[in-house]
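As a plain string of letters, each chain reads:
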Amino acid sequence: MPARDQPKADRSSGRPARGGRDRDEEGRARNARPRDGLGRPLPYGSPGVERQPEGVVRAPLESVEEAQRLLDEGKPFHAHEVFEDAWKSGPPEEERLWRALAQLAVGVTHTARGNVTGARTLLRRAAAGLAPLSGQPPYGLDLGGLVAWAEQLASGLQDGQQPPSAASMAPRLRG
């Protein structure tokens with residue numbers, strides 16, 4: 001069904017009309033549910049944390065600074081979206097860097113959510129992606145420090161432990 005034929009949203013709750021899906025102007029599926037600071041969906045009509053705009057093209061240092069701000073505020077899910085924008089809009093030779101940084105932010109998100117298995121997987125994937133780049137780190141990034149930090153966090157996670165707050169474990173992106 002073309003986007004123009006999709007059912008309209010129920011204006012009272014903000015949710016899509018029965019049988020409909022949240023769609024953007026191009027007809028792509030978008031989940032308009034409010035989210036908490038760790039990106040978890042909340043019930044329609046709940047107050048949520050303002051979402052990070054998608055598709056923002058920033059200079060590399062602006063991406064690093066914005067992501068660090070979001071990490072420091074305990075919003076690693078939002079920081080991941082900044083890195084994802086850099087990955088998708090940047091030059092192909094930097095894709096590995098931005099993808100690994102996005103994975104690092106998702107690893108922090110999973111850690112704060114208490115998802116130990118997901119956290120370990122993403123933190124180790126991020127470390128593996130960043131390690132080969134640590135010899136000549138761009139943009140003042142402390143890639144060697146981030147690799148060590150991610151590996152240490154992944155190794156120290158235990159099932160059933162109280163998850164730390166995202167802000168308390170925010171990594172330092174630059175030395």
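Residues numbered from 1 in each chain as written. Predicted model: local features only at pLDDT ≥ 70, side-chain atom pairs only at ≥ 80, totals over all residues. Heavy atoms only, no water.

Participant: Break down the overall build of the protein chain for me, citing the residues and quoting the values.
Facilitator: For the protein chain, the count of helices and strands is 5 helices and 0 strands. Going from the N terminus to the C terminus, the protein chain shows its helices and strands as α-α-α-α-α. Looking at the protein chain as a whole, 40% of its 175 residues qualify as buried. For the protein chain, the share of sequence-separated contacts (at least 6 apart) that also reach a separation of at least 24 residues comes to 56%. Total accessible area on the protein chain is roughly 9700 Å²; 48% of this is exposed by carbon and sulfur atoms. (Helix = DSSP H or I, 4+ residues; strand = E, 2+ residues; numbered from the N terminus. Buried < 20%, exposed > 50% of the residue type's maximum accessible area, 1.4 Å probe, protein only. Contact = heavy atoms within 4.5 Å. Areas by Shrake-Rupley, 256 points an atom, 1.4 Å probe, with all protein chains shown as cover.)

Participant: Explain the nonpolar core to me, and be specific about the residues and the numbers.
Facilitator: Formed by 36 residues in total, the largest nonpolar core has its most connected members in Phe83, Leu101, Leu123, Leu130 and Leu173. Elements with a minimum of two residues in this core: α1 (60–72), α2 (76–89), α3 (95–113), α4 (116–130) and α5 (143–156). With 9 residues, α3 is the largest single contributor of residues to this core. Sequence-distant contacts of leucine 130, defined by excluding residues within four places in its chain, comprise Leu97, Ala100, Leu101, Leu143, Leu146 and Val147. (Core = buried A, V, L, I, M, F, W, Y, C linked by side-chain atoms within 4.5 Å.)

Participant: How would you summarise the environment of glycine 129 if you had to cite specific residues and measurements?
Facilitator: Note on placement: glycine 129 falls in helix α4. Distance from glycine 129 to leucine 97, taken between C-alpha atoms, is 7.1 Å for residues 32 residues apart in sequence.

Participant: Provide a residue-level description of the environment of leucine 173, including the pertinent values.
Facilitator: The residue leucine 173 is located in the segment after α5 in this model. In this structure leucine 173 comes out as buried when scored by relative accessible area, which is 0%. Non-local contacts of leucine 173, meaning those with residues more than four positions away in its chain, are made with Val64, Ala67, Gln68, Leu71, Phe83, Leu104, Gly140, Leu141, Asp142 and Leu146.

Participant: Tell me about the packing of α4 against α5, and name the residues and values.
Facilitator: Helix packing for two helices is described by the angle between their axes and how far apart those axes are. Look at α4 against α5: their axes get within 9 Å of each other, and the N-to-C directions meet at 155°. With respect to α5, the axis of α4 lies roughly antiparallel. The handedness of the crossing between α4 and α5 is left-handed. Side by side, α4 and α5 meet where Arg120, Leu123, Arg124, Ala127 and Leu130 of the first sit next to Leu143, Leu146, Val147, Trp149, Ala150, Glu151, Leu153, Ala154 and Ser155 of the second. Partitioning the contact of α4 with α5 into residue classes produces 10 nonpolar, 1 polar and 3 charged. (Axes fitted to C-alpha atoms, helices over the stretch in contact; angles between N-to-C directions. Parallel < 35°, antiparallel > 145°, perpendicular 65-115°, else oblique. Left-handed = near helix turned anticlockwise from the far one by under 90°. Nonpolar A, V, L, I, M, F, W, Y, C, P; charged D, E, K, R; others polar.)

Participant: Lay out the pattern of salt bridges in plain terms, naming residues and giving numbers.
Facilitator: In the structure shown here, the tally under the stated rule is 8 salt bridges. For glutamate 66, the salt bridge is made with arginine 69, and the minimal N-O distance between the two is 2.6 Å. One end of the pair is glutamate 66 and the other is arginine 69, both in helix α1 and 3 residues apart, which spans about a single turn. Owing to a relative accessible area of 36%, arginine 69 belongs among the partly exposed residues under this scheme. Close ionic contact of lysine 88 with glutamate 84 constitutes a salt bridge, the shortest N to O distance being 3.5 Å. One end of the pair, lysine 88, and the other, glutamate 84, are both in helix α2, 4 residues apart, so they sit about a helical turn from each other. (Salt bridge = Lys/Arg side-chain N within 4 Å of Asp/Glu carboxyl O.)

The analysis is restricted to geometry; functional conclusions fall outside its scope.
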